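Overview (structure and organization)
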Amino acid sequence: MIRLFETNQLRQLEELEGIWDFAVVEEESPDRNDAADSPSNMVAGRDTITKTELDYCYRLPVPGCWEQHPKLLTYRGKGMYRRRIVIAKETPALRFVFKGISHTARVFFDGELIAEHYNAYTAFSAAVRHVMPGEHTLTIEVDNSFHEGSALHIPNDYYTYGGLIRPVVMETINELYIERIGFTPQHQHGEWSARIEVAVRNVSDVEQSFQLRGELAGQPLQWNTASIQPGAELVVAESFQVPDAKAWSARQPQLYALSCQLFVDNGESDGSLTAVDDLIERVGFRTVTTLEGRIQVNGENIVLKGFNRHEDHPIVGAAFPLALMVKDLDLMADMGANCVRTSHYPNDERFLDLCDERGFYVWEENHARGLSLERMQNPHFIEQCAKVNKEMVEGHQNHPAIIIWAILNECASDTEEGRAHYKRQLEQIRKMDGSRPLTFASHHREKELCFDLADIVSFNLYPGWYGAEDPGELCDRARGWADAAGGLGKPMIMSEFGGDGFYGYRSPSRVKGTEERQADIIDSNLQAYGARDYISGMLIWQFCDCRVSEEDSWAIWRAQTKNSKGIVDEYRRPKLAYEIVQKHFKKTSTTRD
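Here is a short report on the structure shown in this document. In this convention, every chain numbers its residues from 1, walking through the sequence in written order. Owing to the predicted nature of the model, reporting of local features is limited to residues with pLDDT of at least 70; listing and counting of side-chain atom pairs is limited to 80 or more, with chain, interface and lining totals taken over all residues. Excluding hydrogens and water, the side-chain figures rest on all heavy atoms present in the structure.

1. Quick word on helix α5 (residues 381-396)
Labels follow the DSSP assignment, with helices taken as runs of H or I lasting at least four residues and strands as runs of E lasting at least two, numbered in each case from the N terminus. Expected span of a helix: the number of residues minus one, times 1.5 Å. With 16 residues, α5 extends 22 Å from end C-alpha to end C-alpha; this agrees with the ideal 22 Å at 1.5 Å per step. Relative accessibility under 20% of the residue-type maximum defines a buried residue, over 50% an exposed one, and the middle range a partly exposed one, all with a 1.4 Å probe and only protein chains included. Among all positions of α5, only Phe381, Gln384, Cys385, Val388, Asn389, Glu391, Met392, Val393 and His396 are buried.

2. Digging into the sheet that holds strand β11 (residues 176-188)
For two strands to be treated as a pair, DSSP must find at least two bridges joining them. If you trace the three strands from one edge of the open sheet to the other, you get β11-β12-β16, paired in antiparallel fashion. Unpaired on one side and paired on the other, β11 and β16 (233-241) mark the two borders of the sheet. The average undirected angle you get between the axes of adjacent strands in this sheet is 15 degrees. In terms of strand pairing, strand β12 (residues 191-202) meets β16 through nine bridges, oriented antiparallel. Paired with alanine 199 across the bridge in β16 is valine 235. Every axis in this analysis is a line fitted to C-alpha atoms, fitted for helices over the stretch in contact. Angles between the N-to-C directions lie between 0 and 180 degrees.

3. A look at the packing of helix α7 (residues 471-487) against helix α8 (residues 515-530)
At a minimum axis distance of 8 Å, the contact between α7 and α8 shows a crossing angle of 50 degrees. When the axes of α7 and α8 are compared, the pair comes out oblique. Seen from above, α7 lies across α8 with right-handed handedness. Contact with α7, carried on its side by Pro471, Gly472 and Cys475, involves Ser524, Asn525, Ala528 and Tyr529 of α8 and no other residues of that element. With respect to orientation, any angle under 35 degrees is reported as roughly parallel, any angle over 145 as roughly antiparallel, any angle of 65 to 115 as roughly perpendicular, and every other angle as oblique. Definitions for this section: a left-handed crossing has its near helix turned counterclockwise from the far helix by less than a right angle. A right-handed crossing has that turn clockwise. Whether two residues are in contact is decided by their heavy atoms, any of which lying within 4.5 Å being enough.

4. Quick look at the environment of leucine 262
Among the secondary structure elements, leucine 262 is positioned in strand β17 (residues 256-265). Taking the C-alpha atoms as reference points, leucine 262 and lysine 512, separated by 250 residues in sequence, lie 61 Å from one another. With near-sequence residues (within four places) excluded, leucine 262 lies in contact with Leu176, Tyr177, Ile178, Val200, Phe210, Gln211, Leu212, Thr274, Ala275, Val276 and Asp277.

5. A short note on the pattern of salt bridges
What counts as a salt bridge is simple: a side-chain nitrogen of Lys or Arg found within 4 Å of a carboxyl oxygen of Asp or Glu. Under the definition given, this model contains 45 salt bridges. In this structure, glutamate 175 and arginine 129 form a salt bridge, with 3.0 Å as the shortest nitrogen-oxygen distance. Taken together, the residues span a long stretch of sequence, with glutamate 175 in the loop between β10 (168-173) and β11 and arginine 129 in strand β8 (residues 124-131) at a distance of 46 residues. Under the relative-accessibility criterion, glutamate 175 is labelled buried at 18%. Where arginine 477 meets glutamate 469, a salt bridge forms, and the shortest distance between an N and an O atom there is 3.4 Å. The network of salt bridges with shared partners includes Arg11, Arg95, Glu171, Glu179, Arg180, Arg201, Glu233, Asp277, Lys390 and Glu394.

6. A closer look at the state of the cysteines
Throughout, a disulfide means two cysteine sulfur atoms within 2.5 Å of one another. With the rule as written, the count across this model stands at zero disulfides. No disulfide involves cysteine 57; its sulfur sits 18 Å from the nearest other cysteine sulfur, which is in cysteine 65. Cysteine 544 supplies the cysteine sulfur nearest to cysteine 546, a cysteine that is in no disulfide, at a spacing of 6.6 Å.

7. What about unusual backbone geometry?
Note that the residue after serine 102, namely histidine 103, is joined by a cis bond; omega there is -5 degrees. Assignment of secondary structure puts histidine 103 in the loop between β5 (91-98) and β6 (104-109). Each neighbour pair has its own omega, and for serine 343 with histidine 344 the value is -10 degrees, a cis peptide bond. Mapped onto the secondary structure, histidine 344 falls in the loop between β23 (339-342) and α3 (349-358). For aspartate 110, which is not glycine, the phi torsion reads 50 degrees and is therefore positive. When you line up the elements, aspartate 110 lands in the loop between β6 and β7 (112-118). By relative accessible area, which is 38% here, aspartate 110 ends up partly exposed. Backbone geometry at alanine 217 places phi at a positive 50 degrees, although glycine is not the residue there. Structurally, the position occupied by alanine 217 is in the loop between β13 (208-216) and β14 (219-222).

8. Looking at the pairing of strand β24 (residues 361-365)
Most of β24 is tucked away, with five of its five residues classed as buried. Alternating residues of β24 divide into Tyr361, Trp363 and Glu365 and Val362 and Glu364, and every residue in both groups is buried. Note: β23 against β24, four bridges, orientation parallel. Residue pairing for β24: cysteine 339 is matched across the bridge by tyrosine 361. Alignment of β24 against strand β25 (residues 402-406), held across four bridges, turns out to be parallel. Pairing of glutamate 364 across the sheet is with tryptophan 405, part of β25.

9. Details of the packing of aromatic side chains
Any Phe, Tyr or Trp ring, taking Trp's six-membered ring, that has another such ring centre within 6.5 Å forms a pair; planes under 30 degrees apart are called stacked, those over 60 apart edge-to-face, and the others tilted. A complete count under the given rule lists 24 aromatic pairs for this structure. Here the aromatic rings of phenylalanine 307 and phenylalanine 585 are separated by 6.0 Å at their centres, their planes lie at 75 degrees, and the arrangement is edge-to-face. Here the residue phenylalanine 307 occupies a position in strand β22 (residues 304-308), and phenylalanine 585 occupies one in helix α10 (residues 577-587), the gap between them amounting to 278 residues. Across this residue pair, the class does not change: phenylalanine 307 and phenylalanine 585 are buried. Where phenylalanine 497 meets tyrosine 529, the ring centres are 5.0 Å apart and the plane angle is 70 degrees; that geometry is what we call edge-to-face. Taken together, the residues span a long stretch of sequence, with phenylalanine 497 in the loop between β29 (492-496) and α8 and tyrosine 529 in helix α8 at a distance of 32 residues. Exposure class is identical for phenylalanine 497 and tyrosine 529. Each is buried. Taken together through their ring pairs, the aromatic side chains of Trp20, Phe22, Tyr58, Trp66, Tyr75 and Tyr81 make up a single cluster. Directly above the ring of tyrosine 159 sits arginine 76, whose terminal nitrogen or CZ lies 4.9 Å from the centroid. By the criterion adopted, a ring carries a charge over it if an Arg CZ or a Lys NZ lies within 6 Å of its centre and within 35 degrees of its normal. Over the ring of tryptophan 465 we find lysine 512, and its NZ or CZ is 5.0 Å from the ring centre.

So, in structure tokens, the structure goes:
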């Protein structure tokens, strides 16, 4: 399943789900005499693949992670996926959409390089023109290794899986097509309107004219005729009044289909137009503000109660099926939560679709976690972050459930050099989408230098686990740190807190690591934060246990190579803290006066 709603009526789609051929791309030593003929040299760095050099000895599921295979459980490196495609008739163009490849990809169609992409958690696409009938080959080189060229995917407190972890889609398109739709709701004088941006792409060799028409909440939409140069993308923007729209909220998550059709001259003497492409998005009308130290949705103060969640499971890795996404949301809702933070990367859009439908608030953030200043000085850092931010916002801005954008979790925001990066990225996102507040999660306490740049101040603090501080007293001190560092008058979220609890390890001693001790820590934290009316959110670290990197000492810091702070374990079995969370979240109001 690509999305939870129909995205096209004219454009033909085929999800390339199934079993693909797979080969490990072994790296050869450069001093070997036959290095020039090694598989890695035949593939890496080349723009073409001229023959079947690799041994496709595996058959792996897509979507999927190669760690699912018993011989690839810990493989880190390069692999090659291959899929045969049969085209029945001559096609003006094919467009391949990759929802997530972990973490670096090079895509070949019939041996020719058509796309390169970095980052596991954002989608990208590639178009191929003039495809003839017959059998064709789609080949994808995937790399999940850590190296100097990768600024964001590094050894971390979560695992970087390898593979085509999210759906792959093949679209039959014309050479002129709709790339994406961007929707921004606005509410003035008691009425809703929307700014709608439509990106049209022309992959042909000639200039083309077109007109866009659509519909939203029973309101017809029409743009003026426009022309687009060959090989270009053109964004057409217009604001429309939508008087009959109803607001999206957590209590009533009202959603609407936003449809858009692309028309061109059909060549007849009467000047009539023909629809050649379409795209449907699903949207909701709501506003998000941060006034008087609170967060508001549609003008109502809210309190976020929820979890940090990794897309991680011991059986499927990061390649979540819909049933598991639903399971996670069901468990969070059962505990009384109303919010999830996509730690620490953009999530699968089907999960976001579920949050839209259920009125579940989302804090979504870019992919950059725990980077020291030295790592932020990687020559690829600025470019890779900018691309991730752009793809995150453009790809997910239509989800009403996303009420916060965030960046750079626990990075070097306590340095002047780091501050320049925070400023650059927050300004980039604010320019793309000014309708949502921005934040970042900090663990620098009184040394934080960037709270003045954000709309919400957020703290990662672990009283009771990494220290013996009282949660309430520490929270009050954090409020003071924020006020003194440019966060005065801004909403405050406790964005991480918690402690390890190893599933099944129970003891009346209540020592660290027991389920009892974890429940005590969660209990004291939630009691403290729920009693403070200046707190606008409390997000537990974390929803489920997750695998961590084996490299760079993470396996030494984390027993069983897991971060075991989940309220449920990796198989979603509740720990003792589950009922503690349920007790607090279900009695804590979702609003503030």
